[in-house]
Amino acid sequence: MDEPNSAAGEITLKTYDARVEKVFEYLNNNDLDNAKIYLMKFITVEPNHPHACFIMGQILESEGNFMEAADYYERVYNPDMAPEFQQRVAMVFENADRYDLAYTVYKDLYAADPQNQDNIEVLAHACLILGKKEEAAEYYNKLLTITPDNDVALRQLAEIYEHTDKLMYHLTRARIFELEKSLNHMESEYKRALSLAQDEQDVLTVRYRLAKCYKDKKKFHNALDEYLAILGMTEENFNVFMELAEIYTELNNIDAAIEVLKRALKIYPDNKKAMTELADLLLETEHMFEAQQLYEKLHMAEPNNVSLNVNLAKAYLKQSKKEETKRVLLETEKLQPDDNEVLTALAGFYSLEEDFDEAQKYCERIIKKLPNSPLGYRKLAQMYELKGDNSKAHYNFGLYHQLKGEIQDAIDEFTWAVHYDDKDYQAIKKLANLQAQGEEKYQALDFYERLAEHEPDREFAVKEASKIHIAQKEYDLAHLKLQSILDEGTKDFEFYLLNADCLYQMKDFDAALENYKYYDENSNLCTDDEHVKSRIKQLESHVQNPYENNLLSKILKFFDKEEA
């Protein structure tokens, strides 16, 4: 059977009558009028002829005649038809304002696939149109069990509940405002809901949601009142204990948080979350033996939990149980040899044991693994501090602050490092570079002068100092420094370029030309080629026409102004 060219007949029924096949000749030629005349022959004799009614319905649908199409679809529709046909029929029923028929189809689709969100939504919508509000609410609530944040369902429910259930109306609106992150409106809706709640379970539900709203708004004392009111009614909600403890912690009332968690563990003795939170607070407040007992219990349940193991080791160490501390940390290191938390804990342990060689190894492992992380440098600084090496301690604290972007703190630490060791050229170099990047250019010059005394850093220091002088238009001072390095036979050709720029600004054009040419002929890393070529061309013109010196000077001054 050929496929028709028109939009009609694009879905086929399982039931097929060969006598109707001739209609497709008309459809293939888009002769819909004769197709309808031909089909009416069958329908007149057999008003519910499945295939004839189906095709007639599709033709009428394609013409936009939904009322008549709906009539023909109604004749052939049955729940066993393919879902795509059912959906098409339902849409025609809707377009024909036959929502009673669409409702029936949607009920069949829902029965076949009750988890399909589209089926639930269109069925709920049909219920609303037909005035079946309670049934619509049932389906919209079903939709929320599948997609809790479904905005359409929430807004439709709010409209339904507005005149039928004020409590649910305010709760639903509160949820909408929660999704919109409109906390003030959410709070107002929950307060209204609380004033309406009568049933104990409703009161508990609303209080809990209001408490969470207060918590999100950081109105902690209001949240405390609600959580405590809930616990006064029931202790069956574990989350209440945890959130109450969290708020006490936020308010820095650690003792109260500990008491709440202990109370929770009496009711839920094996809850790992409560045990972990309580153990952490006990560790923080120096209740080491209690913390140890909880961590040991957790360790037995989760022997591979790195954070728990490290905290157990801390509890041991605080009680001077050094062997137990070392055992737990080394066992954990075998499980996670590159874990920063473990490496940090071992570095700290060996530092306290004054085994500084071992401590340094762990610090260096942290730095190697995360070279741009401040963590390793802080531990290394602490180790040197315990060791009594003030210069290295301050130097590593400087690196720690520098990596954190705390530049002034870094400068202060490097300054102290140099105070304790005036030959600490690493610290001097750091100070010079940091000062050069900031506002204290002349302070940077002082440190570059000191760095220049260190042979491996001499050329670097002189070059950087010269750049500062050039930036300050102190070309004669920069030239003296640069020339001293050139006289020593440097292999760094950038010195020739910098020196040429200084000589050019000092109007010593012959010497400037000599330096530009040397740089141009020897440097393989010329990054300013056009600048150099232009200068050489200008200066060679001056050499060839010495009587135009005054004119050239004026021209060069013009270029100087442009470059400035």
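Note on numbering: residues in each chain are counted from 1, in written sequence order. Only residues with pLDDT of at least 70 get local features here, since the model is predicted, and only at 80 or more are side-chain atom pairs given and counted; chain-wide, interface and lining totals rely on the full set of residues. Excluding hydrogens and water, the side-chain values take into account all heavy atoms of the structure.

### Brief notes about the overall build of the protein chain
Counting secondary structure elements, the protein chain contains 32 helices and zero strands. Just to be clear, the radius of gyration here is over C-alpha atoms, and the globule rule we use is 2.2 Å times residues to the power 0.38. A compact globule built from 564 residues should have a C-alpha radius of gyration of about 24 Å, whereas the protein chain, at 42 Å, is more than 25% larger. Projected onto its principal axes, the C-alpha coordinates of the protein chain cover approximately 115 × 85 × 45 Å. Only protein chains enter the accessibility calculation, which uses a 1.4 Å probe; a residue whose area is less than 20% of its type maximum is buried, one above 50% is exposed, and one in between is partly exposed. Split into buried and exposed, the 564 residues of the protein chain put 45% on the buried side. Per the convention used, a helix needs a DSSP run of H or I reaching at least four residues, while a strand needs a run of E reaching at least two, with both numbered from the N terminus.

### Quick word on the packing of helix 6 (residues 99-112) against helix 8 (residues 133-146)
To define axes, lines are fitted to C-alpha atoms, for helices over the stretch in contact only, and angles between the resulting N-to-C directions are given on a 0 to 180 degree scale. Across the interface, helix 6 lies against helix 8 with an axial gap of 14 Å and an inter-helix angle of 35°. Of the two elements, helix 6 crosses helix 8, and the hand of that crossing is left-handed. Counted together, Y103, K107 and Y110 of helix 6 and E135, Y139 and K142 of helix 8 form the full contact between these two elements. Residues were grouped as follows: Ala, Val, Leu, Ile, Met, Phe, Trp, Tyr, Cys and Pro as nonpolar; Asp, Glu, Lys and Arg as charged; and all remaining residues, including Gly, as polar. Looking at the contact of helix 6 with helix 8 residue by residue, the classes come out as three nonpolar, no polar and three charged. Here a crossing is called left-handed whenever its near helix is offset anticlockwise from the far helix by less than a right angle, and right-handed whenever the offset is clockwise. A contact between two residues is defined here by any heavy atoms of the two lying within 4.5 Å.

### Quick notes on the nonpolar core
By nonpolar core we mean a set of buried residues, namely Ala, Val, Leu, Ile, Met, Phe, Trp, Tyr and Cys, connected to one another through side-chain atoms within 4.5 Å. Counting 125 residues, the largest nonpolar core has Y227, Y295, F414, Y448 and Y516 as the members making the most contacts within it. Filtering out sequence-adjacent residues up to four positions away, Y448 remains in contact with A432, N433, A436, F460, A461, E464, A465 and I468. Core analysis: the second largest hydrophobic core is formed by 56 residues, I43, V105, I120 and L143 among them.

### Re the environment of A393
Note that A393 resides in helix 23 (residues 390-403). Owing to a relative accessible area of 4%, A393 belongs among the buried residues under this scheme. Apart from the residues within four sequence positions on either side, A393 is in contact with A381, Y384 and E385.

### Structural notes on the packing of aromatic side chains
Only the six-membered ring of Trp is used, alongside the rings of Phe and Tyr, when aromatic pairs are assigned; centres must lie within 6.5 Å, and planes under 30 degrees apart are stacked while those over 60 apart are edge-to-face, with the rest tilted. This model, assessed by the stated rule, comprises 18 aromatic pairs. When the ring of Y73 is compared with that of F85, the centres are 5.9 Å apart and the planes differ by 80°; the resulting orientation is edge-to-face. Here Y73, found in helix 4 (residues 66-76), pairs with F85, found in helix 5 (residues 83-95); they are 12 residues apart in sequence, far enough to count as distant. F85 shares its class with Y73; the two are buried. Relative to Y518, the ring of Y496 has its centre 4.3 Å away and its plane inclined at 35°; by these criteria the two rings are tilted. Taken together, the residues span a long stretch of sequence, with Y496 in helix 29 (residues 494-505) and Y518 in helix 30 (residues 509-522) at a distance of 22 residues. Site record: aromatic cluster; members linked through ring pairs are Y26, Y38 and F42. Working rule: Lys NZ or Arg CZ, within 6 Å of ring centre, within 35 degrees of ring normal, means a charge sits over the ring. Above the ring of Y504, the side-chain terminus of R535 is found at 3.4 Å from the ring centroid.

### Points about helix 21 (residues 356-369)
Given a rise of 1.5 Å per residue, 14 residues ought to cover 20 Å, and the 20 Å separating the end C-alpha atoms of helix 21 matches this to within 8%. F356, A359, Y362, C363, I366 and I367 are the residues of helix 21 that are buried. Buried residues along helix 21 cover an arc of 140° about the axis, so they all sit on one side. Away from the buried face of helix 21 by more than 90 degrees, exposed residues D357 and K368 are located. Multiply 1.5 Å by the residue count of a helix minus one, and that product is the helix's expected span. Note that the arc is computed from the directions linking the helix axis to the C-beta atoms.

### Notes on the pattern of salt bridges
Only one rule defines a salt bridge in this text: a Lys or Arg side-chain nitrogen within 4 Å of an Asp or Glu carboxyl oxygen. Counting across every chain of the model gives 36 salt bridges. Here E290 ties to K262 by a salt bridge, and the two come within 3.2 Å at their closest N and O atoms. Pair noted here: E290 is in helix 17 (residues 288-301) and K262 is in helix 15 (residues 254-267), with a separation of 28 residues, a long-range link. Between K463 and D492 there is a salt bridge whose closest N-O contact spans 2.5 Å. With K463 in helix 27 (residues 458-471) and D492 in the loop between helix 28 (475-487) and helix 29, the pair connects residues that are 29 residues apart, well separated along the chain. Taking the relative accessible area as the measure of exposure, D492 reaches 23% and is therefore partly exposed. Linked through salt bridges whose partners overlap, the residues forming this network are K463, E464, K467, D492 and E494.

### Examining the confidence of the model for the protein chain
Scored from 0 to 100, pLDDT records how confident the predictor is in each individual residue. The share of residues in the protein chain with pLDDT of 70 or more is 92%, and the mean pLDDT across the chain is 89. Within the model, pLDDT remains below 50 along residues 1-13, and this stretch shows 37 contacts once partners closer than five positions in the same chain are excluded.

### Digging into unusual backbone geometry
Even without being a glycine, E286 presents a positive backbone phi close to 70°. Within the secondary structure, E286 is located in the loop between helix 16 (272-284) and helix 17.

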